[in-house]
Amino acid sequence: MKNVLSNVWKLSSGMVVKEVGNRIFVFQFQENKEKERVLLRQPWSFNKSLLVLQNLEENMKPEEVKIQWCPFWVQEHGLPLGLMTEKIGIVLGESIRR
């Protein structure tokens with residue numbers, strides 16, 4: 001995981017990955033600017049699973065993090081060409097949000 005994500009995220013500095021629970025990992029970036037870039041460019045996936053990334057403050061434990069939302073991409077297949085508009089995209093997005 002570490003090697004793949006380091007390459008995908010194009011990290012110039014190091015990163016430490018620690019598994020702290022069942023499918024819960026902590027990523028420690030050497031450079032804060034690289035961490036901010038990775039968080040800004042979400043969503044990310046690994047092995048066909050969505051990576052739910054949340055900034056962890058120094059005094060927090062991973063189990064204390066409350067995940068309230070996570071950006072992700074949705075791809076709609078088979079949509080007629082005439083319905084491929086921004087307005088329809090917004091309608092579809094709003095229906096998924098609920």
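Everything here concerns the structure above.
The rules behind the values
Residues numbered from 1 in each chain as written. Predicted model: local features only at pLDDT ≥ 70, side-chain atom pairs only at ≥ 80, totals over all residues. Heavy atoms only, no water. 1 Å grid on protein atoms, 1.4 Å probe; cavity = no way out; pocket = protein on both sides within 12 Å on 5 of 7 lines; lining within 4 Å. Points joined across faces, edges and corners; volume = space filled by probe spheres on them. Helix = DSSP H or I, 4+ residues; strand = E, 2+ residues; numbered from the N terminus. Nonpolar A, V, L, I, M, F, W, Y, C, P; charged D, E, K, R; others polar. Buried < 20%, exposed > 50% of the residue type's maximum accessible area, 1.4 Å probe, protein only.

A. Representation of the layout of surface pockets. As a volume, the largest pocket reaches approximately 950 Å³. Residue lining of the largest pocket: 29 residues in total, with F25, V26, F27, V52 and Q54 positioned closest to the centre. Where the lining of the largest pocket is concerned, the elements lending two or more residues are β2 (24–29), α2 (32–40) and β4 (49–51). No other element matches β2, which puts six residues into the lining of the largest pocket. Of the residues in the lining of the largest pocket, the class split is 18 nonpolar, six polar and five charged. Of the volumes computed, that of the second largest pocket is approximately 220 Å³. Lining the second largest pocket are F72, V74, G93, E94, I96 and R97.

B. The arrangement of unusual backbone geometry in detail. For the bond from Q42 to P43, the omega torsion is 15°, close enough to zero to count as cis. Residue placement: P43 occurs in the loop between α2 and β3 (44–46). One non-glycine residue with positive phi stands out, namely N47, at about 50°. By the element assignment, N47 lies in the loop between β3 and β4. Classification of N47 by relative accessible area gives exposed; the value is 66%.

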